[in-house]
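Now for the letters of each chain:
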Amino acid sequence: MNGFTLLIITILAIYFYNNRYPLSNRYKIYCGIFILLFSIFIYFMNYQKPFVYKMANNIKDVNSKSLHSVIPDFNINYSIPSSIKLKLADKQGLKCSNCRNSMLVDEIDNYKISYVTPLQYGGKNDPSNLKLLCPTCFSYRNF
Ligand SMILES: [Zn+2]
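Just so we're clear, the structure is a prediction, and the values are computed from it rather than from any experiment.

Reading guide: rules and limits
- Residues numbered from 1 in each chain as written.
- Predicted model: local features only at pLDDT ≥ 70, side-chain atom pairs only at ≥ 80, totals over all residues.
- Helix = DSSP H or I, 4+ residues; strand = E, 2+ residues; numbered from the N terminus.
- Contact = placed C-beta atoms within 7 Å.
- Expected span 1.5 Å × (residues − 1).
- Buried ≥ 20, exposed ≤ 12 C-beta atoms within 10 Å, placed from the backbone.

Participant: Where do I start with the overall build of the protein chain in this structure?
Facilitator: When its secondary structure is counted, the protein chain shows six helices and two strands. In the protein chain, the succession of α and β elements from N to C terminus is α-α-α-α-α-β-β-α. Counted over contacts in the protein chain with a minimum sequence separation of 6, partners at least 24 positions apart contribute 55%.

Following this line, the structure appears as structure tokens:
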């Protein structure tokens, strides 16, 4: 909401300045472009936050390729090396991190990797931020 206030103040400031000292058309166009870009920025930061964080995380982690292939996009079923899943399962004591049911190591491929703190809430794109969920918990996850 602070962004909206700032935008309105900026527009009013330009309006009153223009009333007192009329701007040339060139500067009016510059102000218009600034206001347009600022509105787009506010829109993305207020209504498209997951997208912005995803973009930012993609930019940040573009060099660490091995980590990048580990991170699942939740809608796409990447083949994640099961050794990473085994490490996570070991870390969690062979229990689903949500329902605490025991895991079957033979069926580790059915278990899904998820974020402890999702990226859109400021979670890190880092193995320490990963957890392993059983297929049931993964399909009902709303966190
Ligand atoms: Zn579970």
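Participant: Looking at this structure, how should I read helix α2 (residues 25-47)?
Facilitator: End to end, α2 covers 33 Å across 23 residues, agreeing with the expected 33 Å (1.5 Å per residue, within 8%). Within α2, only zero of the 23 residues are buried, which leaves the element largely exposed.

Participant: For this particular structure, what's the right way to read helix α1 (residues 2-20)?
Facilitator: Each turn of an α-helix holds 3.6 residues, which means side chains three or four residues apart point in the same direction. An ideal rise of 1.5 Å per residue puts 27 Å on 19 residues; α1 measures up with 27 Å between its terminal C-alpha atoms. Among the 19 residues in α1, zero count as buried, and that is only a small part of the element.

Participant: How do you make sense of unusual backbone geometry when you look at a structure like this?
Facilitator: Trans peptide bonds make up most of the peptide bonds, and negative phi angles are found at most residues other than glycine. Phi at Leu-94 takes a positive value of approximately 55 degrees, unusual for a residue other than glycine. In this structure, Leu-94 sits in the loop between α5 (82-91) and β1 (112-115). With a phi angle near 65 degrees, Arg-100 is a residue other than glycine that sits in the positive phi range. Among the secondary structure elements, Arg-100 is positioned in the loop between α5 and β1. Classification of Arg-100 by C-beta neighbours within 10 Å gives exposed; the count is 11.

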